Amino acid sequence: MREINITKQDVRCCDDIEINERHSVNIVWELWFEVDKYFGTNTANSDSWVNFYTEWNYDTNDITAIVCIDYPDRTEEKYWELTDYEKDFFKKKMDEYCIKLTGMNMKSLYENEMEEY
């Protein structure tokens, strides 16, 4: 399904960092490449678009991904299986983004946020 390597593409953080109830740090990505070649979708010539999120879990230290395809009449959401290399890529990018925004890596940011509750 993957015709291109996402780790070699223009991938940018686009929203604030979200700490959620699943003991996770969630980040939304802007994907500045032909997403259909990566996800095997067909959104380029339609009124549809792709949203992509990664989530780092504090308890497992694992990265999961979610892809949402927004069609004019519905939204499809599913977990996207990342390779180990892609997990390492996104974990590094997420840590870098957290440090840039907060001065803390994901683990420290999560622990700091949980102390406030």
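(A) Structural view of the pairing of strand β4 (residues 49–57). Strand direction decides the pairing type here: strand β3 (residues 24–31) and β4, joined by six bridges, are antiparallel. Looking at the pairing, Ser 24 lines up with Asn 57 of β4. Of the pairings in the sheet, the one linking β4 to strand β5 (residues 62–70) comprises nine bridges and is antiparallel in character. Paired with Trp 56 across the strands is Ile 63, a residue of β5. Hairpin remark: β4 followed by β5, antiparallel, with four residues in the connecting loop; positive phi at Asn 61, about 60°.

(B) Structural context of the environment of Glu 55. Summarising the element assignment, Glu 55 is placed in strand β4. Separated by 35 residues in sequence, Glu 55 and Asn 20 have C-alpha atoms that sit 9.6 Å apart. Leaving out residues up to four positions away in the same chain, Glu 55 has contacts with Asn 20, Arg 22, Ser 24, Val 25, Asn 26, Asp 62, Ile 63, Thr 64 and Met 94. Of the polar contacts made by the side chain of Glu 55, one reaches the side chain of Arg 22; its length is 2.4 Å.

(C) Examining the state of the cysteines more closely. Per the counting criterion, the structure on display carries zero disulfides. In this model Cys 14 remains outside any disulfide bridge; the closest cysteine sulfur is found in Cys 13, 7.8 Å from its own. In this structure Cys 98 is a free cysteine whose sulfur lies 8.1 Å from that of Cys 13, the closest cysteine sulfur available.

(D) Region of interest: the nonpolar core. With 28 residues, the main nonpolar core has Leu 31, Phe 39, Phe 52 and Phe 90 as its most contacted residues. Contributions of two or more residues to this core are made by β3, α1 (35–39), β4, β5, α2 (84–102) and α3 (106–115). With five residues, α2 is the largest single contributor of residues to this core. With near-sequence residues (within four places) excluded, Phe 90 lies in contact with Ile 6, Val 11, Trp 29, Phe 52, Thr 54, Ile 63 and Leu 82.

What counts as what
- Residues numbered from 1 in each chain as written.
- Predicted model: local features only at pLDDT ≥ 70, side-chain atom pairs only at ≥ 80, totals over all residues.
- Heavy atoms only, no water.
- Pairing = 2+ DSSP bridges.
- Helix = DSSP H or I, 4+ residues; strand = E, 2+ residues; numbered from the N terminus.
- Contact = heavy atoms within 4.5 Å.
- Polar contact = N/O pair within 3.5 Å; in protein donor to acceptor, adjacent residues only side chain to side chain.
- Disulfide = S-S within 2.5 Å.
- Core = buried A, V, L, I, M, F, W, Y, C linked by side-chain atoms within 4.5 Å.
- Buried < 20%, exposed > 50% of the residue type's maximum accessible area, 1.4 Å probe, protein only.

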